[in-house]
Amino acid sequence: MAHCYINGIGCVSAQDTSDYKTFLENQFELTENVVHVHKPNYRDYIKPAMSRRMANGVKNGVVAATLALREAGIENPEAIITGTGMGCTIDSGKFLKNIVENDEQFLTPTSFIQSTHNTVGGQIALGLKCKAYNVTYVHNATSFETSLIDALLMIKDNETNILVGGIDEIGDYSLSLHQLVGYVKEQDTLANGLLNSNSSGVVYGEGAQFFALENQKKTTTYAELVDVEIYDSIAKNDVEAKLIQFLKTNNLDVSDLDLVVLGNNGDIDFDPIYNDLQNSLLKDTQQIYYKQLSGEYLTVSSFGLWIASQICKTQDVPEFLKLNSKKVTTIKNILLYNQYKGESHSFTLLCSC
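Residues numbered from 1 in each chain as written. Predicted model: local features only at pLDDT ≥ 70, side-chain atom pairs only at ≥ 80, totals over all residues. Heavy atoms only, no water.

A.B. asks: How should the nonpolar core be read in this particular structure?
C.D. replies: Formed by 43 residues in total, the largest nonpolar core has its most connected members in Ile307, Ile311 and Ile334. Ranked by the residues each element gives to this core, the list is headed by helix H11 (residues 301–314), at 7 residues. Mapping this core onto the domain boundaries places at least three of its residues in each of domain 1 (5–214) and domain 2 (223–351). Setting aside residues up to four positions removed in sequence, Ile311 forms contacts with Phe23, Leu259, Ile288, Asp316, Val317, Pro318, Leu321, Ile331 and Ile334. Within the second largest apolar cluster, 26 residues are counted, among which are Ala65, Ala72, Ile80 and Ile124. (Core = buried A, V, L, I, M, F, W, Y, C linked by side-chain atoms within 4.5 Å. Buried < 20%, exposed > 50% of the residue type's maximum accessible area, 1.4 Å probe, protein only. Helix = DSSP H or I, 4+ residues; strand = E, 2+ residues; numbered from the N terminus. Domains from an automatic or database assignment. Contact = heavy atoms within 4.5 Å.)

A.B. asks: Explanation requested: the sheet that holds strand E5 (residues 207–214) in the structure shown.
C.D. replies: In a beta sheet, neighbouring strands pair by backbone hydrogen bonds and run either parallel or antiparallel. With mixed pairing, the 10 strands of this open sheet are ordered in space as E3-E2-E4-E5-E1-E6-E10-E9-E7-E8. The open sheet terminates on both sides in strands that have one partner only, identified here as strand E3 (133–137) and strand E8 (287–289). Strand-to-strand twist of the sheet, defined as the mean angle between neighbouring strand axes without regard to direction, takes the value 20°. Sitting on the sheet, helix H6 (residues 143–156) is in contact with strand E2 (79–83), E3, strand E4 (161–168), E5, strand E6 (223–233) and strand E10 (343–351), with an inclination near 130° to E6. Lying over the sheet, helix H8 (residues 239–249) contacts E6, strand E9 (333–340) and E10, oriented at roughly 30° with respect to E10. (Pairing = 2+ DSSP bridges. Axes fitted to C-alpha atoms, helices over the stretch in contact; angles between N-to-C directions.)

A.B. asks: Help me out: how do you make sense of the packing of aromatic side chains in this one?
C.D. replies: To describe a pair of aromatic rings, one takes the distance between the centres and the angle between the planes. The final tally for this structure, using the stated rule, is 8 aromatic pairs. Arranged with centres 6.3 Å apart and planes meeting at 75°, the rings of Tyr231 and Phe347 form a pair that is edge-to-face. One end of the pair, Tyr231, is in strand E6; the other, Phe347, is in strand E10, and 116 residues separate them in sequence. Phe347 shares its class with Tyr231; the two are buried. With centroids separated by 5.1 Å and ring planes inclined at 20°, the aromatic side chains of Tyr337 and Phe347 adopt a geometry described as stacked. On the criterion of sequence distance, the pair formed by Tyr337 in strand E9 and Phe347 in strand E10 is long-range, its members being 10 residues apart. On the basis of relative accessible area, Phe347 is assigned to the buried category, the value being 0%. Here the aromatic cluster, defined as three or more aromatic residues joined through ring pairs, consists of Tyr231, Phe246, Tyr274, Tyr337 and Phe347. One cation-aromatic arrangement involves Lys341 over Tyr183; the distance from NZ or CZ to the ring centre is 4.6 Å. (Phe/Tyr/Trp six-rings, centres within 6.5 Å; stacked < 30°, edge-to-face > 60°. Lys NZ or Arg CZ within 6 Å of the ring centre and 35° of its normal.)

A.B. asks: Help me understand the domain arrangement of the chain, please; the structure alone is not making it clear to me.
C.D. replies: Buried accessible area, meaning the area lost when the parts come together, often serves as the stated size of an interface. Under the domain assignment used here, the chain contains domain 1 (5–214) and domain 2 (223–351). Contact residues are listed per partner, giving 55 residues for domain 1 and 45 residues for domain 2. With both sides pooled, the region where domain 1 packs onto domain 2 buries about 4,100 Å², and carbon together with sulfur makes up 66% of that total. Counting across the domain 1 and domain 2 interface gives 0 salt bridges. Counting the contacts that link domain 1 with domain 2 gives 17 residue pairs in polar contact (both at pLDDT 80 or more). Taken together, the elements giving at least two residues each to the side of domain 1 that touches domain 2 come down to strand E1 (5–12), H6, E4 and E5. (Buried area = accessible area lost by both parts, 1.4 Å probe. Salt bridge = Lys/Arg side-chain N within 4 Å of Asp/Glu carboxyl O. Polar contact = N/O pair within 3.5 Å; in protein donor to acceptor, adjacent residues only side chain to side chain.)

Rendered as structure tokens:
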């Protein structure tokens, strides 16, 4: 059966991550309750005439995809698969606002055209003149993992290279709704760090991460993507059993894990799901987290995969990511676990090459 290798990565996040040759060299922990991406120089990747018609979220996706393809040396992928939780919320908001303000008359189509969830995948394809398979998955907080599953199936079905990514952006209207229902932390709770905030809600963020997957190893290879599994819901006391079952399916035990990447986001209502694993099944495994650098958004697990891929290649775990003091000399098997508000659970397994 064909193997699936991560041969190129591209990341636009709250950190300065657009240079794949560096790995969080000037990182900082977020201190604001709403964080936007560190904008790359869009002119280096997108023609100005096209860039003017794109919302920032779309541009971030195009930049991340371009970086991944460049590193892997792929001119035209055999498939483009995108995951997004909220889609292009900025243009969606603009279009809805125009409907109200213009009494549903004399509307320009631009915002509507750019508001669909598959805008990012479409713009990437237009830029590459790529007419291959192009799909966008919108499955809440497992949108990115669903995209990875599709990509894995295609690689195992003898496709040679696939571009897959996750993208979400902050729109003013969607942000106001999240704040209204109390899902965004109050600013004054973050003074002592994300995990010490002792409050409900999250740091609201955005980002775009893309990965060039191929069926052959290269000099640029980061890791092998072994398996991905998602669950819409799991009873809190069954998470351990599902994790063990996932590892068993891949002929592994918990003791075979060298690193686990967890999605702790400082929300006291749902972080206990991670805490239970940290203090029981995974207590002897090296643990890290990453949302203190990115904020929370529906495809933030793609930022977690970017982190894990870098660690797999460099064999170095930065101190500022660590949740415990466990260490190993060689990092081979990495497990990523994420959940969103107690639902949309996902397990992703990487292996070093």
